[in-house]
Amino acid sequence: QVQLVESGGGLVQPGGSLRLSCATSREIAGINVMGWYRQAPGKERVLVARITNSGRTNYGDSVKDRFTISRDNAKNTIYLQMNSLKPEDTAVYYCYAAQGRYYTTYWGQGTQVTVSS
């Protein structure tokens, strides 16, 4: 079992920045993949970014060159640095972890990000 706790969401103006954090109950060095999805009202949940335990990263097309995912093994935490935020980035952001041989997936409770003037 992996418990995930997100923080860092909030209200920001267009062009601003936010950093999301996701702390885990286990050592992240042993977790296959961690990352972030987001879900806007009335839309499907989509991948934002992910990072493997070897450090390889992938990003959704809409956030490339604006968002950066990173991990701190010592703190058992991953981060999502979001820059140049746009209104269309408004969504609930969910942290996830895929663990073990069968990539069992765990989800955080979500954190709201609202980009508005």
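In the block above lies the structure referred to throughout.
Residues numbered from 1 in each chain as written. Predicted model: local features only at pLDDT ≥ 70, side-chain atom pairs only at ≥ 80, totals over all residues. Heavy atoms only, no water.

Sheet architecture is open: 4 strands sit in the order β1-β3-β8-β7, paired in antiparallel fashion. Taken across any chain shown, the strands that pair with only one partner, and hence form the sheet edges, are β1 (4-7) and β7 (67-72). Pairs of neighbouring strands in the sheet enclose a mean axial angle of 15 degrees, with direction left out of account. Across 4 bridges, the pairing between β1 and strand β3 (residues 18-24) is antiparallel. Among the inter-strand pairings, Leu4 is bridged to a residue of β3, identified as Thr24. (Pairing = 2+ DSSP bridges. Helix = DSSP H or I, 4+ residues; strand = E, 2+ residues; numbered from the N terminus. Axes fitted to C-alpha atoms, helices over the stretch in contact; angles between N-to-C directions.)

Given two aromatic rings, their pairing is described by the distance between the two centres and the angle made by the two planes. As enumerated under the stated definition, the model contains 3 aromatic pairs in all. Both rings, one in Tyr37 and one in Tyr96, keep their centres 5.3 Å apart while their planes meet at 75 degrees; by these two values the pair is edge-to-face. Here Tyr37, found in strand β4 (residues 33-39), pairs with Tyr96, found in strand β9 (residues 91-99); they are 59 residues apart in sequence, far enough to count as distant. With centroids separated by 5.4 Å and ring planes inclined at 75 degrees, the aromatic side chains of Tyr37 and Trp107 adopt a geometry described as edge-to-face. Taken together, the residues Tyr37 in strand β4 and Trp107 in strand β10 (residues 104-107) connect sequence positions 70 residues apart. Taken together, the ring pairs connect Tyr37, Tyr96 and Trp107 into an aromatic cluster. The ring of Tyr94 carries the charged tip of Arg45 above its face, separated from the ring centre by 3.7 Å. (Phe/Tyr/Trp six-rings, centres within 6.5 Å; stacked < 30°, edge-to-face > 60°. Lys NZ or Arg CZ within 6 Å of the ring centre and 35° of its normal.)

Within the secondary structure, Arg38 sits in strand β4. In this structure Arg38 comes out as buried when scored by relative accessible area, which is 9%. Polar contacts involving the side chain of Arg38 include one to the side chain of Ser62, which spans 3.2 Å. For Arg38, the side chain forms a polar contact with the side chain of Asp89, separated by 2.9 Å. For Arg38, the residues in contact, after removing those within four places along its chain, are Glu44, Arg45, Val46, Val48, Ser62, Val63, Phe67, Glu88, Asp89, Ala91, Val92 and Tyr93. (Buried < 20%, exposed > 50% of the residue type's maximum accessible area, 1.4 Å probe, protein only. Polar contact = N/O pair within 3.5 Å; in protein donor to acceptor, adjacent residues only side chain to side chain. Contact = heavy atoms within 4.5 Å.)

This part takes up the pairing of β7. It is a general feature of regular strands that their side chains alternate between the two faces of the sheet. Going residue by residue along β7, you find Phe67, Ile69 and Arg71 tucked away on one face and Thr68, Ser70 and Asp72 left uncovered on the opposite face. Here β7 pairs with strand β8 (residues 77-82) via 6 bridges, running antiparallel. Across the sheet, residue Arg71 finds its bridge partner in β8, namely Ile78. The hairpin formed by β7 and β8 contains 4 residues between the paired strands, and Asn76 there has a positive phi angle of roughly 50 degrees.

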